[in-house]
Amino acid sequence: MASREQLKAVAASCMKYQAEGFVSSAGAVDKSCENCVNFDGYKCTVNAFDKVLSGLDQG
Ligand code: SF4
């Protein structure tokens with residue numbers, strides 16, 4: 001299971017991120033795989049996660 005930080009970092013760089021019908025009154029949504037329609041609670045259902053993660057420069 002990826003860490004919360006990873007879920008956020010990946011979502012920020014993911015081309016397939018799609019917010020799961022949640023709108024923040026504060027404006028900017030805190031992007032994370034956790035609130036992406038393609039995330040089933042444990043993993044990315046479109047297999048984008050690993051590709052995005054390996055492209056991130058964070059080890
Ligand atoms: S769940 Fe998948 S599609 Fe959604 S932001 Fe994460 S890696 Fe991208």
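**Q** What's the story with the pattern of salt bridges in this structure? I'm lost.
**A** Oppositely charged side chains can form a pair if their charged atoms are brought close together. If you walk through the whole model with that rule in mind, you get 3 salt bridges. Note that Lys-8 and Asp-30 form a salt bridge whose closest N and O atoms lie 3.2 Å from each other. Here Lys-8 is found in helix α1 (residues 4-13), whereas its partner Asp-30 is found in the loop between α1 and α2 (49-55), with 22 residues between them in sequence. Residue classification places Asp-30 among the partly exposed positions, given a relative accessible area of 46%. With a shortest N-O distance of 3.8 Å, Lys-43 and Asp-40 are connected by a salt bridge.

Rules used in this analysis
- Residues numbered from 1 in each chain as written.
- Predicted model: local features only at pLDDT ≥ 70, side-chain atom pairs only at ≥ 80, totals over all residues.
- Heavy atoms only, no water.
- Salt bridge = Lys/Arg side-chain N within 4 Å of Asp/Glu carboxyl O.
- Helix = DSSP H or I, 4+ residues; strand = E, 2+ residues; numbered from the N terminus.
- Buried < 20%, exposed > 50% of the residue type's maximum accessible area, 1.4 Å probe, protein only.

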